[in-house]
Every structure is written in C-alpha cells, then in structure tokens.
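# Descriptive structure summary
In case you want the letters, here they are:
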Amino acid sequence: MTQLLDGNLLAKEIKNKICKIIEKKILKKHKRIPHLGIILTGNNSSSITYVNNKIKECENIGIKSSLIHLPINTSEKELLEKIKGMNQNPHIDGFIVQLPLEKHLNQDKIILSINPKKDVDGFHPENFGKMALDMKAFFPATALGILTLLEKYKIQISGKYTVIIGRSRIVGRPISILMSRKNNPGNSTVTLTHSKTPNIEFYTKQADIIIVAVGIPGFLKGKMIKKGSIVIDVGIHSHEKKILGDVDFYSVYGKASYLTPVPGGVGPMTRVMLIKNTLIAALNNR
Ligand code: GUN
C-alpha cells in the first residue's frame with residue numbers, strides 16, 4: 001500500500017494558521033498587511049504560471065503582492081535598478097526574482113544584489129551559508145515544504161538513508177543540507193546524485209527516502225527503488241494536457257510506502273512556505 005502525501009491539505013492547514021497570525025498579530029498590532037514583491041523577466045511559460053500561482057496564493061491568504069514583469073531584453077542594469085527599488089521600498093517586506101533568468105543576465109550578480117533581510121527565497125549566499133551552518137535564516141521554500149510534509153506524516157528522517165536526484169540551487173542542494181544537518185528535522189545520511197553520477201539506480205535502490213528534482217518527466221521508475229521507500233516528487237511538467245512529475249507514478253505507486261502526487265504534493269507546499277517566509281520578513285520588519 002502506498003499512502004499519498006497530501007500537500008494540498010497540509011498547505012490549507014498552514015494557510016489557515018497564517019491567516020490567523022495576520023489577523024491577530026499583524027493587522028491588530030501593526031495595522032499593515034505583509035507585502036511580497038515579485039520580479040519576473042521574459043516570457044518563460046512555466047515561470048509565468050509559477051508566478052501567477054504565487055500571486056493567487058497571496059490573494060487567497062490576504063497578503064499583498066506586487067509584480068514587476070520586465071521584457072525579455074531587459075538589461076542587467078535595468079534589473080539591478082528594480083531590485084534596488086524593492087530593497088529600498090519600506091512597504092515591501094520580502095521579494096523574489098523568479099528563476100531561471102535569461103542567459104544575458106548574471107544570476108549570481110542578481111541574487112547577490114538582493115537584501116538578505118528581504119530574500120524570502122533564501123537564495124542569497126548569506127541565507128544559504130547560514131542555513132549550511134545551522135543558523136537562523138530564510139530557507140528555500142521547496143526544501144522547507146518537503147521537510148514540513150515529512151514531519152506532518154511523522155516520517156522519521158533521522159538515521160535514514162536519503163538519496164536526492166538533482167543538485168539545483170533551488171531544490172537539490174538546499175534539501176541535501178537540511179536533511180543532513182545536525183538538527184531536527186535532519187540527521188539523515190544523504191547522497192546527492194546528479195547528471196554526472198554513473199548508475200543512479202545503485203543509490204536509489206538502497207534509499208529509504210528519495211527526493212527527485214531532476215526536471216525529467218517520469219525519470220524515477222518503480223524498478224529503481226526498494227519496496228517501502230518514501231518518494232518525494234518535485235518535478236512538474238505539462239505533457240499532452242496532463243501534468244507529470246519526475247516520478248513514473250504508476251510504476252512507483254504500490255511499491256513505495258509514501259509518495260507525493262503531482263499535482264497536489266510538493267507544489268502547494270512550496271507556495272505556502274514562500275508566504276510563511278514573507279510573514280516572517282514582515283514580522284522582522286516591524
Ligand atoms: N523557479 C523555480 N522555482 C523557483 C523558486 O522557488 N524561486 C524562484 N525565485 N524561482 C524559481
């Protein structure tokens with residue numbers, strides 16, 4: 001039997017809690033609703049969908065959002081100016097620059113220009129470094145969402161063997177740090193596999209927990225896992241009017257003990273964790 005990890009349900013519970021905090025703590029005391037800024041460049045259809053979903057989530061919860069959508073040929077200088085504006089605007093509690101960026105824009109330079117106190121993505125080296133050192137910081141939303149989902153279903157990660165597929169800065173690397181840290185949740189033994197890892201199956205077949213963030217639809221097959229493992233699917237792809245994950249759902253379902261569905265697993269958790277980070281930024285900003 002495989003139990004699905006319901007990200008929609010948990011995200012809803014967390015949203016209700018956030019709404020109460022906004023009502024009781026922020027509106028009554030500070031008389032201002034939290035405000036998330038979003039900078040989007042270009043016309044990448046996935047990025048537009050992600051950003052629209054983030055804006056909708058803000059509306060649902062009652063958080064303010066402001067989108068700056070810049071054309072595809074925006075120069076680095078123009079983008080840096082917009083970031084400076086967000087950094088200096090006292091009404092913006094936190095903001096994100098949606099990734100990936102166009103090739104002519106230097107991602108490192110862009111991320112470094114974000115004020116770490118407003119970096120609700122947790123991508124700035126100050127936040128990322130603090131996370132790696134077990135210090136208080138903004139943690140990337142997807143990684144936080146995965147940990148929260150595992151906690152909710154009381155899935156023990158301490159002492160377990162976790163294999164992560166994909167080493168992106170957005171998901172693979174941060175989740176590898178958080179799963180292996182000397183903290184709770186944490187204390188997992190982690191192998192971070194990637195495009196240059198020969199025979200990924202060798203690792204996944206031994207794993208208690210597998211986190212797949214590789215960006216290839218149906219990459220993880222049932223024959224690559226051991227019976228009873230826990231499988232977290234971070235991928236999301238539109239394919240012939242269907243939405244697919246990085247996990248081949250039908251061969252893994254029945255063999256894994258727990259599995260996140262796509263959609264309705266990690267996605268809603270990522271969005272709600274971004275809002276949670278924005279709420280923290282708003283509370284810090286009073
Ligand atoms: N692109 C895909 N996921 C993310 C994310 O969590 N934050 C940002 N800024 N860009 C992304």
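Just so it is clear, the model here is predicted, and its values are computed rather than measured. Per-chain numbering applies: the sequence of each chain, read as written, is numbered from 1 onward. Confidence filtering applies because this is a predicted model: local features only for residues at pLDDT of at least 70, side-chain atom pairs given and counted only at 80 or more, and all residues used for totals across whole chains, interfaces and linings. The side-chain figures draw on all heavy atoms in the structure; neither hydrogens nor water molecules are used.

### Considerations on the side chain of Glu76
Keep this limit in mind: Only DSSP runs of H or I covering at least 4 residues are called helices, and only runs of E covering at least 2 are called strands; the numbering of each starts at the N terminus. Burial here depends on accessible area, computed with a 1.4 Å probe over protein chains only, as a share of the maximum for the residue type. Under 20% is buried, over 50% is exposed, and the range in between is partly exposed. Two N or O atoms count as a polar contact when they lie within 3.5 Å, although within protein this holds only if one can serve as hydrogen donor and the other as acceptor, and sequence-adjacent residues are included solely when both atoms are side-chain atoms. Residue contacts are counted whenever heavy atoms from the two residues lie within 4.5 Å of one another.
Its place among the elements puts Glu76 in helix 3 (residues 76-88). When its relative accessible area of 18% is taken as the criterion, Glu76 is described as buried. At 3.1 Å, the side chain of Glu76 forms a polar contact with the side chain of Lys109. Once residues within four sequence positions are removed from consideration, Glu76 is found in contact with His104, Leu105, Asn106, Lys109 and Ile110.

### Brief notes about the sheet that holds strand 3 (residues 64-70)
For clarity, the threshold we go by: Note: two strands are recorded as paired if DSSP finds a minimum of 2 bridges between them. Lines fitted to C-alpha atoms define the axes here, with helix axes fitted over just the stretch in contact, and angles between the N-to-C directions of these axes take values from 0 to 180 degrees.
If you trace the 3 strands from one edge of the open sheet to the other, you get 3-2-4, paired in parallel fashion. A strand with exactly one partner marks an edge of an open sheet, and here the two such strands are strand 3 and strand 4 (94-97). On average, each strand axis in the sheet is inclined to that of its neighbour by 15 degrees, with strand direction left out of account. Contacting strand 2 (35-41), strand 3 and strand 4, helix 2 (residues 45-61) crosses the sheet at an angle of about 165 degrees to strand 2.

### Quick word on the pattern of salt bridges
Quick reminder of the rule: Any Lys or Arg side-chain nitrogen located within 4 Å of an Asp or Glu carboxyl oxygen qualifies as a salt bridge.
Throughout the structure, instances matching the rule amount to 9 salt bridges. With its nearest N and O atoms 3.0 Å apart, the salt bridge here joins Lys152 to Glu13. Residue Lys152 is located in helix 6 (residues 141-152), and its partner Glu13 is located in helix 1 (residues 7-30); the two are separated by 139 residues in the primary sequence. We note a salt bridge from Glu126 to Lys130, for which the minimum N-O separation is 3.6 Å. Here Glu126 pairs with Lys130, and both are found in helix 5 (residues 125-132), just 4 residues apart, close to one helical turn. Under the relative-accessibility criterion, Glu126 is labelled partly exposed at 38%. Salt bridges here are not isolated pairs; linked through shared partners, they connect Lys15, Glu57 and Arg271.

### Some thoughts on the packing of aromatic side chains
Under the convention used in this document: Aromatic pairs are defined between Phe, Tyr and Trp rings, using the six-membered ring for Trp, whenever the two ring centres lie within 6.5 Å; interplanar angles under 30 degrees are classed as stacked, those over 60 as edge-to-face, and all others as tilted.
Counted under the stated rule, the structure contains 4 aromatic pairs. On the numbers, 5.1 Å between centres and 90 degrees between planes, the contact of Phe202 with Tyr203 is edge-to-face. Taking relative accessible area as the criterion, Tyr203 reaches 24% and is therefore assigned partly exposed. Look at Phe249 and Tyr250: their rings are 5.4 Å apart centre to centre, the planes differ by 75 degrees, and that puts the pair in the edge-to-face class. Taking relative accessible area as the criterion, Tyr250 reaches 75% and is therefore assigned exposed. Ring pairing ties together the aromatic residues Phe249, Tyr250 and Tyr253, which thus form one cluster.

### Structural notes on the sheet that holds strand 5 (residues 161-165)
Within the open sheet, the 6 strands sit side by side as 1-11-8-7-5-6. Their pairing is parallel. The sheet terminates laterally at strand 1 (3-4) and strand 6 (189-193), the two strands that pair on one side only. Both strand 1 and strand 11 (residues 258-259) contribute to a ladder of 2 bridges, which runs parallel. Considered in strand 11, the bridge of Leu4 is made with Leu259.

### Some remarks on the confidence of the model for the protein
Test applied: You can read pLDDT as the predictor saying how much it trusts each residue, on a scale of 0 to 100.
Residues of the protein with pLDDT of at least 70 account for 100%, and the chain-wide mean is 97. Across the protein, the secondary-structure element scoring lowest on mean pLDDT is strand 9 (residues 237-239), at 89, and the one scoring highest is strand 7 (residues 209-212), at 99.

### A word on the site of the ligand
Put simply, the rule is: Any residue with a heavy atom lying within 4 Å of a molecule or strand is counted as near it. Any residue that is not Ala, Val, Leu, Ile, Met, Phe, Trp, Tyr, Cys, Pro, Asp, Glu, Lys or Arg is counted as polar, Gly included; the first ten are nonpolar and the last four charged.
In the region of the ligand, the neighbouring residues are Lys54, Val97, Gln98, Leu99, Asp121, Phe123 and Ile170. A distance of 2.9 Å separates a nitrogen atom of the ligand from a polar backbone atom of Val97. One of the side-chain N or O atoms of Asp121 is found 2.6 Å from a nitrogen atom in the ligand. Its residues placed into classes, the shell around the ligand shows 4 nonpolar, 1 polar and 2 charged.

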